[in-house]
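Residues per chain, in single letters:
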Amino acid sequence: MALPKVLMVAEKPSIALSIATALSHGQMSTRRGSTEVHEFEGRFLGAPARFKVTSVIGHVFSVDFHGKYQDWATTDPLDLFQAQIIKTESNPKAHICKHLKQEARGCHYLVLWLDCDREGENICFEVIESTGFKINDVYRARFSSVTEKDVLNALANLVRPNRDEAMAVDARQEIDLKVGVAFTRFQTSFFQGKYGNLDARVISYGPCQTPTLGFCVQRYLQINTFKPEKFWSLQPYIIQSGYEILLEWQRSKLFDINVAMMFQKLVAEDGILEVTDISEKQETKGRPVGLNTVNLLKVASSALGFGPQTAMQLAERLYTQGFISYPRTESTAYPPSFDFRGALSAQRNNPTWGNYVEGLLTSGYQKPRSGTDVGDHPPITPMRSASEDMLGNDAWKLYQYICQYFIGTVSPDCKYVRKKVEFSVGGESFHCTGQHVITKGFTAIMPWLAINDKSIPSFTKGQKIKVSKVELYEGNTTPPDFLTESELISLMEKNGIGTDASIPVHINNICERNYVQVQAGRKLVPTTLGITLVRGYQSIDPDLCLPDIRSFIEQQITLIAKGQVDHHRVVQHVIEQFKQKFCYFVKKIEAMDALFEAQFSALVDSGRIMSKCGKCLRYMKYISAQPPRLYCGTCEEVYYLPQKGTIKLYKELSCPLDNFELLICSVAGPEGKSFPLCPYCYSNPPFEGIEALINTAKTSTSGKIGKGAGMPCNLCPHPTCPNSLVTQGVCACPECSGTLVLDPISAPKWRLCCNMCNCLVFLAEGAHRILTTKERCLECDSSIIEVDFNKKTTPLADGSTLHRGCILCDVLLHSLVEMKHGRGFKRMGSRGRGRGRGGRGRGRGGKMMDPKMSFRDF
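Residues numbered from 1 in each chain as written. Predicted model: local features only at pLDDT ≥ 70, side-chain atom pairs only at ≥ 80, totals over all residues. Heavy atoms only, no water.

Engineer: Describe the UniProt feature "domain: Toprim" (unreviewed entry) in the chain, and please don't skip the residues or the numbers.
Structural biologist: The positions UniProt marks with the feature "domain: Toprim" (unreviewed entry) are residues 5-148. Counted over residues 5-148, helix gives 25% and strand 31%. Its end C-alpha atoms are 22 Å apart. (UniProt positions renumbered as here; feature names shortened; annotations may be inferred. Helix = DSSP H or I, 4+ residues; strand = E, 2+ residues; numbered from the N terminus.)

Below is the structure:
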């Protein structure tokens, strides 16, 4: 009888490998698929079974709007609030759905080894949907590390997946998609092209992102509006046992100089201090509670110099390699059953702290202080020993901190004696303090938290001491500094903005959108755009940038995860609330625009003269700030240009369709290309069918770049224009369905550039001239090119310089061709790689239109 088959699915290939290695004790076979599949035999639910362990690569599906809502120009953002959302495969090229379906065939059980958080629970049900298993045949493994002990324990204690937690993620995804996209599309469309020095490619809004930015701007405004005040403080000095000691004033400081001078006079006239009290007290600095994600991120930023995004990437890598436990946890309390001795024993041979750990194991370790248990994962804990050579510099820094922190949690408390001596003179009270460490405790392994000894001389109660001098210190109050990443993380946690998993993403987003800049000391300084946006929200609807609404949403999502509220009702309520706010925001957008007008320059005052407008024949201005564009002040029209490359006038040539002067766009670097374009055609493609090619560019995540943007001359099918695809196209691209087009300004390093991918084909270097002709190759239908070689380097046998031929079929020209795609060079293949008559995308007029092509290089 055949053994029952069990399919196991992990979240990442590395986790699948660790799980398979632990369960099979290394005795497994591995085969390739979309992700690797490890097979072995073992026992499942007390009986022999055949196991297959594979993985996904994060979320299987992502949420998006239906295709009819993708066009910014034809969709009212208000309609997005009621639009149906669909789930599409997150990474279609990886074929994860197909892979899971194939591997599930013939299997009797499904065991899910996804990360044990809400996102992981959501992926569980994505896997169930992809494989088609009945829920009764599906089990969930709960684990916090991928050590053999934890993996075996998880397999012995399988549970069922939690649909409520999965639905909580669905709710958050739908809310964030609808709210974020509606606001982003409206304000991007409104401000795009209005101001010359405004980067308006995407002016995004996010229910979490914007309150996060709000914290940074609020601190900026506090600094900007701060008014310093002068203060004064008494500073009496005494000399005791040969040491000069500065005493601290009980009043600390005063803001009235006359009163401060009065006290100074009283103390100076008396001149004799009396010791009124001497106290000694043993105090304790408690060892830390367990380490959770938020505290790790704060320390990584403030002490290690890693941004939250980088810190989480390093932590996840350490986890997948088995060096630490699961790095996403809100808990700071260890479960009663946690094996502290085992975790410590794994570190006893470490060359850096092994001796300290050995001492703890010998003399006895302490149990960590009581923290907070939110029921997710134990605190972040080292699972096995490592060295810097094994991990690399950055990962080692983070691992070292995690290890020292954990060892500190099971070390004794730090104990010290604090001594305080109080004095009286002229009716005023002063004091000095000293301290002496008795037991270093956990600070021996966490020296950055150590208490420093501070010695003070001996005094006796009632002792009289002469005041050596009395100074009146004058100072100014100072404003708070810009928020650090560590402080921002604390504010986000306190106000319920994001989760331990998403906090790094939100901070990274406001940096990438150029709303804030990270400066020295990991300080977050808001940009003009970030400040103006938040001030605009505050002037229209402060709720849009305050944490209150998001905090409420997170509370509702938590209730969904606990099964206490209906997912659909929560989503509908929140969406309706934001829909009303959106309508009000649209009505009052002029209030935000007034702030933008005060901060950014109008188009008419921006840019430099570049080329003539085909409508009014006046010169247009070129505005290089993102997104690059031409502005005609007479027609009051904006024409968007490619986002990458240098723009120049092209030989004062004009487009035969609209009389606009042509431009040449040159992308620098060894993989660069050049292509001419008409500003009007680029933004308003004149030929039917071209829209399908550039639709992706218009609605991509990089933002709306203008109506119909994206048609340079190397895509133009004009039959007679000397710069069109028909005239300059040579042959089909060997790497995609595009066409290789002659780069008009590439001399002396002549080349062909694909109009759809980054493929470059280098021709006869050093030739005086290379032209395309109207002739076609009889064999492959490619364009015949004419090459005028240099007299000194001509490869022609008779010393002549002029030669015509097909780069695919002509032996001489083909021998001079070199192709570059990506970073690797290789010779062009046989004629068949050119896809001539019998191939896909024949010659110049072949299959040049791919509805899914990407214009990111333009």
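Engineer: Provide a residue-level description of the pairing of strand β29 (residues 769-776), including the pertinent values.
Structural biologist: Note that β29 and strand β30 (residues 783-788) share five bridges and pair antiparallel. The partner of T772 across the bridge, within β30, is I785. The antiparallel pairing of β29 with β30 creates a hairpin that spans six residues between the two strands, and D781 there sits at a positive phi of about 70°. (Pairing = 2+ DSSP bridges.)

Engineer: Go over the packing of aromatic side chains with me, naming the residues and quoting the values.
Structural biologist: The tally for this structure, following the rule as stated, stands at 38 aromatic pairs. Their ring planes at 75° and their centres at 6.0 Å tell us that F186 and F585 sit as a pair that is edge-to-face. Of the two residues, F186 sits in helix α5 (residues 163-191) while F585 sits in helix α18 (residues 567-587), which places them 399 residues apart along the sequence. On the accessibility criterion, F585 (0% relative accessible area) is buried. Measuring from ring centre to ring centre gives 5.4 Å for F423 and F459, while their planes differ by 80°; the resulting arrangement is edge-to-face. (Phe/Tyr/Trp six-rings, centres within 6.5 Å; stacked < 30°, edge-to-face > 60°. Buried < 20%, exposed > 50% of the residue type's maximum accessible area, 1.4 Å probe, protein only.)

Engineer: Give me the layout of surface pockets: which residues, what numbers.
Structural biologist: The volume enclosed by the second largest pocket comes to roughly 270 Å³. When contributions to the lining of the second largest pocket are tallied by element, the ones reaching two or more residues are β22 (646-654), β24 (674-677), β26 (739-742) and β29. Taken together, the residues of the lining of the second largest pocket break down into twelve nonpolar, five polar and three charged. (1 Å grid on protein atoms, 1.4 Å probe; cavity = no way out; pocket = protein on both sides within 12 Å on 5 of 7 lines; lining within 4 Å. Points joined across faces, edges and corners; volume = space filled by probe spheres on them. Nonpolar A, V, L, I, M, F, W, Y, C, P; charged D, E, K, R; others polar.)

Engineer: Tell me about the sheet that holds strand β4 (residues 47-55), and please be specific about residues and values.
Structural biologist: If you walk across this open sheet you meet the six strands as β2-β3-β4-β1-β7-β8, and the pairing is mixed. Unpaired on one side and paired on the other, β2 (29-31) and β8 (138-140) mark the two borders of the sheet. Recorded for the sheet is a direction-independent mean angle of 30° between the axes of neighbouring strands. The pairing of strand β1 (residues 5-10) with strand β7 (residues 109-113) spans five bridges and is parallel. Bridge pairing links A10 to W113 in β7. Lying on the sheet, helix α1 (residues 13-24) is in contact with β1, β3 (37-44), β4 and β7; it crosses β3 at an angle near 40°. The strands touched by helix α2 (residues 96-104) within the sheet are β1, β2, β3 and β4, with β1 carrying the most contacts at an inclination of about 155°. (Axes fitted to C-alpha atoms, helices over the stretch in contact; angles between N-to-C directions. Contact = heavy atoms within 4.5 Å.)

Engineer: Can you explain the nonpolar core? Please cite residues and give values.
Structural biologist: The biggest cluster of nonpolar side chains holds 130 residues, and the ones touching the most others in it are W113, Y399 and F578. Looking at which element gives the most residues to this core, the answer is helix α13 (residues 393-409), with ten residues. If we skip the residues at most four places from it in the chain, W113 touches M8, V9, A10, E11, I19, L23, R140, A141, F143, V151, A154 and L155. (Core = buried A, V, L, I, M, F, W, Y, C linked by side-chain atoms within 4.5 Å.)

Engineer: Describe the sheet that holds strand β18 (residues 608-612), listing the residues and the values that go with them.
Structural biologist: Here four strands make up an open sheet; going across it, the order is β18-β19-β20-β21 and the pairing antiparallel. Unpaired on one side and paired on the other, β18 and β21 (637-640) mark the two borders of the sheet. The mean inter-strand angle of the sheet, taken between neighbouring strand axes irrespective of direction, is 35°. In this structure, strand β19 (residues 619-623) lies alongside strand β20 (residues 629-632), joined through three bridges in antiparallel fashion. When the sheet's bridge partners are listed, Y622 is paired in β20 with L630.

Engineer: Report on helix α17 (residues 548-561), specifying residues and quantitative values.
Structural biologist: If you check α17, its first and last C-alpha atoms are 20 Å apart, about what 14 residues at 1.5 Å a residue would give, namely 20 Å. Of all the positions in α17, only I549, R550, S551, I553, E554, Q556, I557, I560 and A561 are classed as buried. On its buried side, α17 packs onto α3 (118-131), α5 and α18. Positive backbone phi, at 75°, marks G563, one or two positions downstream of α17. (Expected span 1.5 Å × (residues − 1).)

Engineer: Can you lay out the state of the cysteines for me, pointing to particular residues and giving the numbers?
Structural biologist: Applying the stated rule across the entire model yields zero disulfides. As a non-bridged cysteine, C107 has C97 as the owner of its nearest cysteine sulfur, 17 Å distant. (Disulfide = S-S within 2.5 Å.)

Engineer: Requested: an account of empty space enclosed by the protein, with residues and values cited.
Structural biologist: The tally for this structure, following the rule as stated, stands at three cavities of 30 Å³ or more. In this structure, the largest cavity encloses a volume near 70 Å³. The wall of the largest cavity is formed by C655, P656, L662, C678, C681, M711, C713, C716, H718, C721, N723 and S724. Considered class by class, the residues forming the lining of the largest cavity number nine nonpolar, three polar and no charged. Approximately 50 Å³ is the volume found for the second largest cavity. Lining the second largest cavity are Y205, P207, P211, D543, L544, L546, I549, R550, I553 and F578.

Engineer: Any details on the confidence of the model for the chain? Residues and values, ideally.
Structural biologist: Of the residues in the chain, 93% reach a pLDDT of 70 or more, and the chain-wide mean stands at 86. For the stretch residues 695-708, pLDDT sits under 50, and the model shows 41 contacts to residues farther than four places along the chain or on other chains. Every residue in residues 822-858 is under pLDDT 50, and counting partners more than four places away or in other chains gives 107 contacts. (pLDDT = per-residue confidence, 0-100.)

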